[in-house]
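Residue-level listing of the chains:
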Amino acid sequence: QKMPPSLPATINIREPRWDQSTFQGRAKHFFMVTDPRNLLLSGATLEEARRVVEDYRAGIVHPGLTEDQLWRAKYIYDSAFHPDTGEKMILVGRMSAQVPMNMTITGCMLTFYRTTPAVLFWQWVNQSFNAVVNYTNRSGDAPITPSELGTAYVSATTGAVVTALGLKSLTKHLPAIIGRYVPFAAVAAANCINIPLMRQRELKLGIPVTDENGNRLGESTAAAQKAIFQVVVSRIGMAAPAMAIPPVIMNMLEKRAFLKRYPYLNAPLQVGLVGLCLVFATPLCCALFPQKSSMSVSSLEPEVQDQIRKKDPWLETVYFNKGL
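Please read all numbers here as calculations on a predicted model, not as lab measurements.

Analysis parameters
Every residue gets a number counted from 1 within its own chain, in the order that chain's sequence is written. The model is predicted, so local features are restricted to residues of pLDDT at least 70 and side-chain atom pairs to those at 80 or more, both for listing and for counting; the totals for chains, interfaces and linings are taken over all residues. To obtain the side-chain values, all non-hydrogen atoms of the structure were included, while hydrogens and water were left out. Numbering of helices and strands runs from the N terminus, with a helix taken as a DSSP run of H or I at least four residues long and a strand as a DSSP run of E at least two residues long. Working rule for contacts: check all heavy atoms of both residues, and any pair within 4.5 Å makes them a contact. Working definition of accessibility: Shrake-Rupley area with a 1.4 Å probe, residue cover restricted to the visible protein chains. Counting rule for charge: Lys and Arg are taken as positive, Asp and Glu as negative, and neither His nor the chain ends is counted. Charge placement uses NZ in Lys and CZ in Arg. For Asp and Glu, CG and CD serve respectively. Either an automatic procedure or a domain database provided the assignment from which the domain bounds are taken. What counts as buried area is the accessible surface, traced by a 1.4 Å probe, that two parts surrender upon association, with contributions from both included. Salt bridge, as used here: a side-chain nitrogen of Lys or Arg that lies within 4 Å of a carboxyl oxygen of Asp or Glu. Any N or O atom pair separated by 3.5 Å or less is treated as a polar contact, with the protein-specific requirement of one donor-capable and one acceptor-capable atom, and with residues adjacent in sequence counted only for side-chain atom pairs. One less than the number of residues in a helix, times 1.5 Å, gives the span that helix is expected to have. Relative accessibility thresholds used throughout: buried, under 20% of the residue-type maximum; exposed, over 50%; partly exposed, between the two (1.4 Å probe, protein chains only). Lines fitted to C-alpha atoms define the axes, with helix axes restricted to the stretch in contact, and inter-axis angles between N-to-C directions lie between 0 and 180 degrees. For classification purposes, an angle smaller than 35 degrees is called roughly parallel, one larger than 145 roughly antiparallel, one from 65 to 115 roughly perpendicular, and anything else oblique. Each crossing gets its handedness from the near helix: less than a right angle anticlockwise from the far helix is left-handed, clockwise is right-handed. Within this scheme, the nonpolar core is defined by two criteria: the residues are buried Ala, Val, Leu, Ile, Met, Phe, Trp, Tyr or Cys, and they are joined through side-chain atoms within 4.5 Å. Throughout, a disulfide means two cysteine sulfur atoms within 2.5 Å of one another. UniProt positions are given in the numbering used here, feature names are shortened, and annotations may be inferred rather than shown by experiment. All amino acids are sorted into three groups, where Ala, Val, Leu, Ile, Met, Phe, Trp, Tyr, Cys and Pro are nonpolar, Asp, Glu, Lys and Arg are charged, and the leftover types, Gly among them, are polar.

Colleague: Give me the overall build of the chain: which residues, what numbers.
Modeller: Each helix and strand counted, the chain has 13 helices and four strands in total. Along the first, second and third principal axes, the C-alpha set of the chain runs to 70 × 50 × 35 Å. Of all intrachain contacts in the chain linking residues separated by at least 6 positions in sequence, the fraction that spans at least 24 positions is 75%. As displayed, the chain has an accessible area near 15,500 Å², and 64% of this comes from carbon and sulfur atoms. Averaged over its 33 positive side-chain charges, the chain has a centre that lies 12 Å from the centre of its 24 negative ones.

Here it is in structure tokens:
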């Protein structure tokens, strides 16, 4: 098949469309990746996108395919298939599910924070969702065992609940607005537990490191540590606006006659405000660090450095998928 003249053969669709060395380029990329509308795409649409992308990578171009159509297919493919394993990801674990799922869960956590059973229930729901997301968006292609999965899930849920209940008891005699921030503290603490545990296999065995052209050079635990640290920072940043701004607004609204007259509007309003924050916070915080992260060869473990030096003595930088 001949390439249509409108479509150059040199488009690198293994990389995002926009320059990932700039925050603006990464933000544009993640606005596409986290677009909730991708959840509504049918299985047939996803498979067609996969076919277009895989064929193009193999040098086969579908007749009449335009550059915009190719990039659209690439982003549909990226939204549903794991970058390292190529497997179709669980629907609620995809980045496009982040806004609707977090909007509902966070909104309810902020609304029902006053009673202990409600705190327990919503922290459990949140950590269950986080466990699915962290597993789905792990870096590398090493499988995680059921026992590792169970340990991570139980530890993170326990950590979140203990933090939430501990802080809740400490804030009893403080102004009401302080109590509203307990869910955020619990979520931040749980992220610090959940993500490293859910990705513990990477910390033990390392994640694949490659050269600039994607050639695999080995597995590094130092790269895994850097990847997981970046993801923890991004996730806490992602939760911050959605859990910090709505409490201030709701605290003011609850003093007004309108919400006193219609108290059932409390939860929908809270969920809506959280959703508004997350639409922007999710892609912008994902963009804090490049997806294809890098580190100098000299920062890797000595044995991995030796392995790389044998293959390419002059190589200075390696790259890895940090996960999301």
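Picking up where we left off.
Colleague: If you had to explain the side chain of Ser96 to someone new, which residues and values would you point to?
Modeller: If you trace the backbone, Ser96 turns up in the loop between α3 (67–80) and α4 (98–111). Beyond its immediate sequence surroundings of up to four residues, Ser96 is in contact with Val33, Thr34, Asp35, Pro36, Asn38, Leu39 and Ser79.

Colleague: Can you explain the domain arrangement of the chain? Please cite residues and give values.
Modeller: Under the domain assignment, the chain is made up of domain 1 (23–88) and domain 2 (93–289). Contacts between domain 1 and domain 2 engage 19 residues on the former and 21 residues on the latter. Carbon and sulfur atoms make up 65% of the surface buried where domain 1 meets domain 2, a total of about 1,600 Å² over both sides. Per-residue buried area on domain 1 facing domain 2 is highest for Phe31, Thr34 and Leu39; these three make up 30% of the total on that side. Where domain 1 meets domain 2, there are zero salt bridges. Across the contact surface, domain 1 and domain 2 share two residue pairs in polar contact (both at pLDDT 80 or more).

Colleague: Any chance you could break down α4 for me, citing the residues and the numbers?
Modeller: Since one α-helical turn is 3.6 residues long, residues separated by three or four positions face the same way. Under the 1.5 Å per step criterion, the end-to-end length of α4 is 19 Å for 14 residues, consistent within 8% with the ideal 20 Å. The element α4 is extensively covered by neighbouring structure, given that ten of its 14 residues are classed as buried. Of the positions making up α4, those classed as buried are Gln98, Val99, Asn102, Ile105, Thr106, Gly107, Cys108, Met109, Leu110 and Thr111. Each element contacted by the buried residues of α4 is listed here: α5 (116–136), α8 (182–198), α10 (221–253) and α12 (266–286).

Colleague: Give me the lowdown on the packing of α4 against α5, citing residues and values where you can.
Modeller: α5 packs onto α4 with a crossing angle of 160° between their chain directions and a minimal axis gap of 9 Å. The orientation of α4 relative to α5 falls into the category roughly antiparallel. α5 is crossed by α4, and the crossing has left-handed handedness. Across the interface between the two elements, Gln98, Met101, Asn102, Ile105, Cys108 and Met109 of α4 pack against Trp122, Gln123, Val125, Asn126, Phe129 and Val133 of α5.

Colleague: I'd like to hear about the nonpolar core, residue by residue, with values.
Modeller: Grouped together as the largest cluster of nonpolar side chains are 27 residues, with contacts concentrated most on Leu7, Ile11, Ile13, Tyr56 and Leu70. The set of elements that each furnish at least two residues to this core consists of α1 (23–33), α2 (43–57), α3 and α12. Both of domain 1 (23–88) and domain 2 (93–289) provide at least three residues apiece to this core. Ignoring anything within four residues of it in the chain, the contact list for Ile13 reads Val53, Tyr56, Arg57, Leu70, Trp71 and Lys74. Core analysis: the next-biggest nonpolar cluster, separate from the first, contains 16 residues, Cys108, Val187, Ala242 and Leu278 among them.

Colleague: I'd love a proper account of the state of the cysteines, names of residues and values included.
Modeller: Counted under the stated rule, the structure contains zero disulfides. Cys285 provides the cysteine sulfur closest to Cys192, a residue in no disulfide bond, and the two sulfurs are 14 Å apart. For Cys192, a relative accessible area of 44% corresponds to the partly exposed category.

Colleague: Can you explain the UniProt feature "transmembrane region" (unreviewed entry) in the chain? Please cite residues and give values.
Modeller: The UniProt entry lists residues 227–249 and 269–289 under the feature "transmembrane region" (unreviewed entry), expressed in the numbering used here. The span residues 227–249 is 100% helical and 0% strand by assignment, and the distance between its end C-alpha atoms comes to 35 Å.

Colleague: Give a detailed account of the packing of α8 against α10, specifying residues and quantitative values.
Modeller: The angle between the axes and the distance between the axes are what describe a pair of packed helices. Running from amino to carboxyl end, α8 crosses α10 at an angle of 160°, the nearest separation of the two axes being 10 Å. Judged by the inter-axis angle, α8 sits roughly antiparallel to α10. Two packed elements cross with a definite hand, and for α8 against α10 that hand is right-handed. From α8, Pro183, Phe184, Val187, Ala188, Asn191, Cys192, Ile195 and Pro196 reach across to α10, where they touch Ile228, Val231, Val232, Arg235, Ile236, Ala239, Ala240 and Met243. Counted by class, the contact of α8 with α10 contains 14 nonpolar, one polar and one charged residues.

Colleague: Break down the pattern of salt bridges for me, citing the residues and quoting the values.
Modeller: Counting across every chain of the model gives nine salt bridges. Between Glu15 and Lys292 there is a salt bridge whose closest N-O contact spans 3.2 Å. Placement of the pair is Glu15 in the segment before α1 and Lys292 in strand β3 (residues 292–296), with a sequence separation of 277 residues. Here Glu15 falls in the partly exposed class, since its relative accessible area comes to 27%. Note that Arg50 and Glu54 form a salt bridge whose closest N and O atoms lie 3.8 Å from each other. Placement of the pair is Arg50 and Glu54 together in helix α2, with a separation of four residues, close to one helical turn. Taking relative accessible area as the criterion, Arg50 reaches 22% and is therefore assigned partly exposed.

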